[in-house]
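# Fold and geometry: a report
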Amino acid sequence: MPDREITVVHVDTEKGWGGGQNQVLLLMQELLSRGRRNILLTSENGELWVRSFPLSKIHPALFRIESVTQANQADIRDFPCALKVLKEIMDLSRGELSKGSKTSRGRDVIIHLHSWRGILFALLLSKYSGYPLVVTRRINRRLGSFSTLLLNRFRFRMVSISESVKKSLQESGFQKKISVVHSGIITENFSTGSGWLFREMLGLREEDILIGHVGAFNGIKGQEYLMDAISVLSERDVRVKAAFVGEGNELPALKKRAEMRGLKQKVFFLGEQKNIKDFLASVDIMAVPSLVEGLGIAAIEAMAAGIPVVAFKTGGLAEVVEDGVTGFLTPGGNVLALAERLMQLAGDEKLRTSMGEEAKKKANRDFSYRKMVDAYEKIYYEEIAMMSQGENNG
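A brief structural summary.

### Examining the overall build of the protein
Per the secondary structure count, the protein includes 16 helices and 13 strands. At 23 Å, the protein has a C-alpha radius of gyration in line with the 21 Å of a compact globule built from 394 residues. Expressed along its principal axes, the backbone C-alpha trace of the protein runs to roughly 75 × 45 × 35 Å. Relative to its full complement of 394 residues, the protein shows a buried share of 52%. Of the accessible surface of the protein, which amounts to about 17800 Å², a share of 49% is contributed by carbon and sulfur atoms.

Spelled out as structure tokens, the structure:
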């Protein structure tokens, strides 16, 4: 990879916090550790702003954060301010060149859009600044016809976080090249947890098998299917309990579902938990019955902790879980198949151990955040080189 100075302008205008924002933070932290200059355009006082702001104190010469407000995709009120920021970068690079700098930071700038809300904003920013654009698509959902028509008219590099997301883009009629870069995690953060605290808090015995689930209660994570599977296992006298981590609008309905099925003593709702590594250390099996999933970070984190995963074969989960090796994949929405695989793992400690070991290997090999950053840096340099070549030919 060329040893050239680059500036990455990250755009993520979401106010809340989710897997996508966590990926942005990981990416910026690693780029900063490699000496890359980063500018973040995000919603002031949003979660990403709050969690990223300390980077400006740690790396004052390399990190800058600017406010961009967006109520919806059509809201580009802060576009002039963002364009001014990029003009300042251009002016700075010209000054460096006049002093004999060997690299052109003005040319070596890349814009990276991370949240779909800012797609029009980023496209215009790239067009009017002249800097290349990389767009990461994280959602496994087809584009609308207008969006597809708009995207096909602009030049940029599309990146999907899974082959499944790539396929949904292609089925939408998106005609440009799509690169696949799997999201990454700090795998070593999930292999050092201590589960005794959670198991003690839940009143579990040593022989109790705990099935875990981490995800928002939003209607697409499939918690109701897991609840029904637990009900099936209870009817078969399988000694399992389940713990759900997360919040969301569908949580009250799921609690009522557990009560109606007589599972109040077998199912625990733990709300949001910051100490995920210790929670995972308490879990014997991770269930990920999502109906829609771009990739499946919850599954990857569980695998990094050495836990076998039982998941629906939907979206990017088929790229994360290796069926019969690191866990099991079952048909989406099939409660009985989900219950059967959970029961198989619950009754076979050796299988849980062997699958957990393979899961950890796969997480470390395929989903390290450093591998993700390497892939993005390669794409940045490719796009900068193509832009420079186009300017020279012009």
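So, next bit.
### Here we look at the packing of helix 9 (residues 223-235) against helix 10 (residues 251-260)
Where helix 9 contacts helix 10, the two axes come as close as 10 Å, and the packing angle between them is 10°. It follows that helix 9 is roughly parallel to helix 10 by the angle criterion. Contacts between helix 9 and helix 10 pair Q223, E224, M227 and D228 from the former with L254, R257 and A258 from the latter. When its residues are assigned to classes, the contact of helix 9 with helix 10 shows three nonpolar, one polar and three charged.

### Here's the deal with the layout of surface pockets
The space that makes up the second largest pocket amounts to roughly 250 Å³. If you go around the second largest pocket, you meet 16 residues; those closest to its centre are A281, V283, D284, G306 and I307. Contributing elements (two or more residues each) for the lining of the second largest pocket: helix 11 (276-282) and helix 15 (349-366). Taken together, the residues of the lining of the second largest pocket sort by class into seven nonpolar, five polar and four charged.

### Section: the sheet that holds strand 3 (residues 63-67)
In spatial order, the strands read 3-2-1-4-5-6-7; together these seven strands make up an open sheet with parallel pairing. In this open sheet, the two edge strands, each paired with only one partner strand, are strand 3 and strand 7 (178-180). On average, each strand axis in the sheet is tilted by 25° relative to the strand beside it, whichever way the strands run. In terms of strand pairing, strand 5 (residues 133-137) meets strand 6 (residues 157-160) through four bridges, oriented parallel. Opposite V134, over in strand 6, you have R157 as the bridge partner. Here helix 5 (residues 119-129) sits on the sheet and contacts strand 1 (7-12), strand 2 (37-42), strand 4 (109-113) and strand 5; the angle it forms with strand 4, its principal contact strand, is near 165°.

Here is what the cut-offs are and how they apply
Residues numbered from 1 in each chain as written. Predicted model: local features only at pLDDT ≥ 70, side-chain atom pairs only at ≥ 80, totals over all residues. Heavy atoms only, no water. Helix = DSSP H or I, 4+ residues; strand = E, 2+ residues; numbered from the N terminus. Rg over C-alpha atoms; globule rule 2.2 N^0.38 Å. Buried < 20%, exposed > 50% of the residue type's maximum accessible area, 1.4 Å probe, protein only. Areas by Shrake-Rupley, 256 points an atom, 1.4 Å probe, with all protein chains shown as cover. Axes fitted to C-alpha atoms, helices over the stretch in contact; angles between N-to-C directions. Parallel < 35°, antiparallel > 145°, perpendicular 65-115°, else oblique. Contact = heavy atoms within 4.5 Å. Nonpolar A, V, L, I, M, F, W, Y, C, P; charged D, E, K, R; others polar. 1 Å grid on protein atoms, 1.4 Å probe; cavity = no way out; pocket = protein on both sides within 12 Å on 5 of 7 lines; lining within 4 Å. Points joined across faces, edges and corners; volume = space filled by probe spheres on them. Pairing = 2+ DSSP bridges.

Geometric descriptors of this kind do not, in isolation, establish any biological role.
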